[in-house]
There are 2 protein chains.
Amino acid sequence: MPKDAALDALASLLGERLSRSKPDLAEHGRSESHFPTTPPDAVAYPESTEEVQALVKICAEHDCPVIGWGAGTSLEGHGLAVQGGVVVDFSRMNKVIEIRLDDMDVTVQPGVTREALNEELRATGLFFPVDPGANASLGGMAMTRASGTTTVRYGTMRDNVLGLTVVLADGRVIRTGTRARKSAAGFDLTALMVGSEGTLGLVTELTLRLHGIPEATSAGICAFPDMGSAVTAVMETIQMGIPMARIEFVDAATAQAFTAYSGMEMSQAPHLLVEFHGSPESVAQDAERFGEIVAEHGASPFQWSAREEERRALWALRHNGYYAILASRKGARAVVTDMCVPISRLASAVEETQADIAQSCVPGPILGHVGDGNFHAILLIDPEKPEELDEAKRLSHRMAERALALGGTCTGEHGVGLGKMAYMEAEHGDGWQVMGQIKQALDPKGIMNPGKLVPQG
Amino acid sequence: MPKDAALDALASLLGERLSRSKPDLAEHGRSESHFPTTPPDAVAYPESTEEVQALVKICAEHDCPVIGWGAGTSLEGHGLAVQGGVVVDFSRMNKVIEIRLDDMDVTVQPGVTREALNEELRATGLFFPVDPGANASLGGMAMTRASGTTTVRYGTMRDNVLGLTVVLADGRVIRTGTRARKSAAGFDLTALMVGSEGTLGLVTELTLRLHGIPEATSAGICAFPDMGSAVTAVMETIQMGIPMARIEFVDAATAQAFTAYSGMEMSQAPHLLVEFHGSPESVAQDAERFGEIVAEHGASPFQWSAREEERRALWALRHNGYYAILASRKGARAVVTDMCVPISRLASAVEETQADIAQSCVPGPILGHVGDGNFHAILLIDPEKPEELDEAKRLSHRMAERALALGGTCTGEHGVGLGKMAYMEAEHGDGWQVMGQIKQALDPKGIMNPGKLVPQG
Ligand SMILES: Cc1cc2nc3c(=O)[nH]c(=O)nc-3n(C[C@H](O)[C@H](O)[C@H](O)COP(=O)(O)OP(=O)(O)OC[C@H]3O[C@@H](n4cnc5c(N)ncnc54)[C@H](O)[C@@H]3O)c2cc1C
Ligand SMILES: Cc1cc2nc3c(=O)[nH]c(=O)nc-3n(C[C@H](O)[C@H](O)[C@H](O)COP(=O)(O)OP(=O)(O)OC[C@H]3O[C@@H](n4cnc5c(N)ncnc54)[C@H](O)[C@@H]3O)c2cc1C
């Protein structure tokens, strides 16, 4: 078997850092959502770009699949070794290489997590804003083009990656981008790599934009009589140009799950959780103006605070949202949807989705980054009941089609992985074939995360 | 000749809208800078995506080069038909197709110019911010990844193109992106196309982000004792987080050229031209804070105004900058440089560049979008004196190498065209070969703007 030859060669390259232990394989064969466990043949723990390069060369020689692994938090089975091969776990490449205060940028290894980076930055007055909730690795976040609660203000990984070091399928190492804030020097390889889900190469270094920690922050929460009025309030706030740093929607079912999980009392109604960044005066003003808008839509008084602890409690609640929802049905696994639509379509998208779920046997609390037009239904299934998985997939399918019909995308931020492959053709038409041509040009043997993102076969 | 067969077929497709008149060929063979006139074999004036598709299919069949043409304002000879063929002039595809106020986006044909678009948007309270000074076409701006005076606040074309319709080299038509604000659905083909300079396909439609016209604007100008203090003031303003909408630098030679061209009196010293967007209070505050910073660096009092006419006069001055500088040396042509470096390197980059020019026989006033770390020396040569072109190229070469040595890019916004091909390898290493592989995959016959951007031969 050529794969065995590859594993032997990798073992001599990495020694103990090539693992074939059962628990390690199982750990790197699971996903955070409903996909069946799919262990790889081995797990590699490289420590440098050079080692990754040597590793990829060995795999290329033996046609052995190579799959990157950051924190393993992606939700569509992105990192599963569906054709076997080696999972490359970047947890030992977790150094912050250089922080450049004057340029407000930082170079990191891919295994650094967003929380670790912000911890490291704490004393500098700067922070890295992209926040997918989970404590994901920056390499993984770049590869899924992650975004999150702060995207409405600070953008996605697309906007915050200045450059990458990538080991390509044939072992060449390229450095994309520069440290300049912009460039017009040829194809934007950085943007091509961001969101490529490890199908074009392995990322071994990232240079990221940093932002100044705002002088002041205000955050708050309010409840709405119904979902429609909450979403309409979001749309108006955006159109008024009030600069939100975060604006998150949770429906009544999610609010209930939050209460049960955290003990913090929330009425069983749709809510918005909001944050503003600026000067002490501007964040107070923004909160006041927002309070006026939501009052017009029948919301409870917008309770806001500029105090750090209250703010932290609010976002801890939101960050635990997925787990709170999972806990609301004992033993459940989740099928997570990720519609993103033009803002004008948000109200109908959410309403139709909720109506769909209401008619189904599968519960599906909804929450989302509504400032970007992006929301998730967390469809809770009993893993012992295949009919529930089928039903969840049917719902999820309708949502993806709805997103496309409304001029949006089947995945705002989670990415394609295994779960969204079925919509790529509908979303991109011949553009999907173009992705396949690019993949074929850069990875003709198809060793980089095979079975994902591009047309197969 | 296969080309003749292509031209015959195109003539039957387009009738009078395929032109072979001498003046038309000459007009589409010139560039705004120093490149020799290079007329194509024909100029086509299509009126729809379908016509462009039919045109490209004919050219593909006959291996005939196809080169897009927007407003012809690019500065590196991007649109020159160096291997002959057909220039596709998009001036008849100049319709604003749909403005969507609620979503703050617009779909346009590629021949719409940025001024025409903003004129059309005038009553809506929205505007399109990317401003390269020249009244370029939006198709051309997307293809060069243009930016300009407002990029420090609103980003480049990379940040403001949501989606594109592209006719590929084999005649397939793809639609990249969606109208959602973000997506994680596969390779970012929109970003790959933006900045591709027509080497991957012809753009026939663009969907663009719009922004709210700020409630209030303040703008002003001040003079500095020397270049170093002006640039240091810029760096400090950025690091203080004062949200500039524009911050432009002009050196003493440029100030002199401005005075001569416009009659508006400016001291012969380096200047900064600045604008702030926000509420009436915030723009006043920003201007005050900025005034304090520049005062610490020995600047003249920062004279600012929130009045529309004064603001317009200021930016008309800046927008005419290139022509004012050209006029400062009779009969001159320009070699334009386009360094962009990390902000921390800006002062040394500008100083070393000025020192270089001071030692040369070629005058080179400097101006630039310093908030992005981007500046231009406009090297003025007598077109009758080849030794001056050589000297300008030598200077330009040193600047490009300096940009790279400082961690920046050889072109911040103008693009590669013919003039920056020589630096692609140094800037991108093997990444340049990767660009070539992508080109080869999508345009194996090399008919789309041949001779540009990717490795040749
Ligand atoms: C509770 C919860 C909440 C979430 N909320 C959000 C959210 O709000 N927004 C959002 O965008 N996502 C969200 N996610 C999904 C997830 O956090 C993101 O997809 C994240 O970007 C994955 O990062 P990771 O480090 O876990 O990557 P992994 O899951 O380890 O890998 C993701 C993909 O990238 C590849 N990869 C990883 N590292 C590399 C590398 N160095 N080189 C090449 N390929 C590599 C893998 O092969 C895989 O294809 C959430 C997940 C959970 C569990
Ligand atoms: C006075 C002056 C000031 C300038 N200042 C700036 C500045 O501040 N910032 C900046 O970025 N640039 C600046 N430029 C350069 C120029 O304005 C930009 O490069 C602009 O983006 C070019 O647009 P255009 O419509 O003129 O394109 P063109 O010059 O016509 O074409 C540019 C390239 O795009 C291709 N192309 C055009 N349309 C299409 C299409 N529909 N499909 C496929 N390919 C196409 C062409 O083949 C060519 O390769 C300036 C130029 C001048 C003359």
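Residues numbered from 1 in each chain as written. Chains lettered and ligands numbered in written order. Predicted model: local features only at pLDDT ≥ 70, side-chain atom pairs only at ≥ 80, totals over all residues. Heavy atoms only, no water.

1. Overview of the UniProt feature "domain: FAD-binding PCMH-type" (unreviewed entry) in chain A
We apply this condition: UniProt positions are given in the numbering used here, feature names are shortened, and annotations may be inferred rather than shown by experiment. Secondary structure is summarised from DSSP: a helix means a run of H or I of at least four residues, a strand means a run of E of at least two, and numbering begins at the N terminus for each.
The residues that UniProt annotates with the feature "domain: FAD-binding PCMH-type" (unreviewed entry) are residues 35-213 of chain A. The span residues 35-213 of chain A is 22% helix and 25% strand, and its two end C-alpha atoms sit 38 Å from each other.

2. Comments concerning empty space enclosed by the protein
Residues and elements named next belong to chain B. Going by this rule: Using only the protein atoms, space was sampled on a 1 Å grid; points where a 1.4 Å probe fits but cannot get out form cavities, open sets with protein on both sides within 12 Å along at least five of seven lines form pockets, and lining residues are those with an atom within 4 Å of a point. Grid points are joined across faces, edges and corners, and a volume is the space filled by probe spheres set on the points. Classification convention: Asp, Glu, Lys, Arg as charged; Ala, Val, Leu, Ile, Met, Phe, Trp, Tyr, Cys, Pro as nonpolar; all other residues, Gly among them, as polar.
Taken as a whole and assessed by the stated rule, the structure comprises one cavity of 30 Å³ or more. If you trace the largest cavity, you find it lined by Thr337, Asp338, Met339, Ser396, Met399, Ala400, Cys410 and Lys420. It is helix H15 (residues 386-405) that provides the largest number of residues to the lining of the largest cavity, a total of three residues. Its residues placed into classes, the lining of the largest cavity shows four nonpolar, two polar and two charged.

3. Digging into helix H9 (residues 227-239) of chain B
All names here are of chain B. Under the convention used in this document: Any helix carries an expected span of 1.5 Å times its number of residues minus one. When accessible area is computed with a 1.4 Å probe and restricted to protein chains, residues below 20% of their type maximum are described as buried, those above 50% as exposed, and intermediate ones as partly exposed. By definition, residues are in contact when any of their heavy atoms lie within 4.5 Å. Polar contact is defined as a pair of N or O atoms within 3.5 Å, subject to the rule that within protein one atom must be able to donate a hydrogen and the other to accept it, and that residues adjacent in sequence are counted only when both atoms are side-chain atoms.
End to end, H9 covers 19 Å across 13 residues, agreeing with the expected 18 Å (1.5 Å per residue, within 8%). Counting buried residues along H9, ten of its 13 residues qualify, which places the element largely inside the surrounding structure. Of all the residues in H9, the buried ones are Met227, Gly228, Ser229, Ala230, Val231, Ala233, Val234, Met235, Thr237 and Ile238. Against the buried residues of H9 lie strand S13 (244-250), strand S14 (271-278), helix H11 (280-296) and helix H14 (346-358). One side-chain oxygen of the residue at the start of H9 lies 3.3 Å from the amide nitrogen of Gly228, identifying that residue as Asp226. Of the residues trailing H9, Gly241 is marked for its positive phi of about 75°.

4. Remarks on the pattern of salt bridges
Residues and elements named next belong to chain A. We apply this condition: Every case where a carboxyl oxygen of Asp or Glu lies within 4 Å of a side-chain nitrogen of Lys or Arg is listed as a salt bridge.
Scanning the model with the defined rule gives 64 salt bridges over all chains in all. The salt bridge partner of Arg92 is Glu47, with a shortest N-O separation of 2.8 Å. With Arg92 in the loop between strand S4 (86-89) and strand S5 (96-100) and Glu47 in the loop between strand S2 (42-44) and helix H3 (49-61), this pair connects stretches of sequence that are 45 residues apart. A relative accessible area of 40% places Arg92 in the partly exposed class. Exposure remark for Glu47: the relative accessible area of 35% places this residue in the partly exposed category. Note that Glu309 is salt-bridged to Arg307, the shortest N-O span being 2.8 Å. Among the residues examined, Arg307 registers a relative accessible area of 46% and is labelled partly exposed. Among the charged side chains, a network of salt bridges with common partners joins Arg114, Glu115, Asp131, Arg246, Glu275, Glu308, Arg311 and Arg312.

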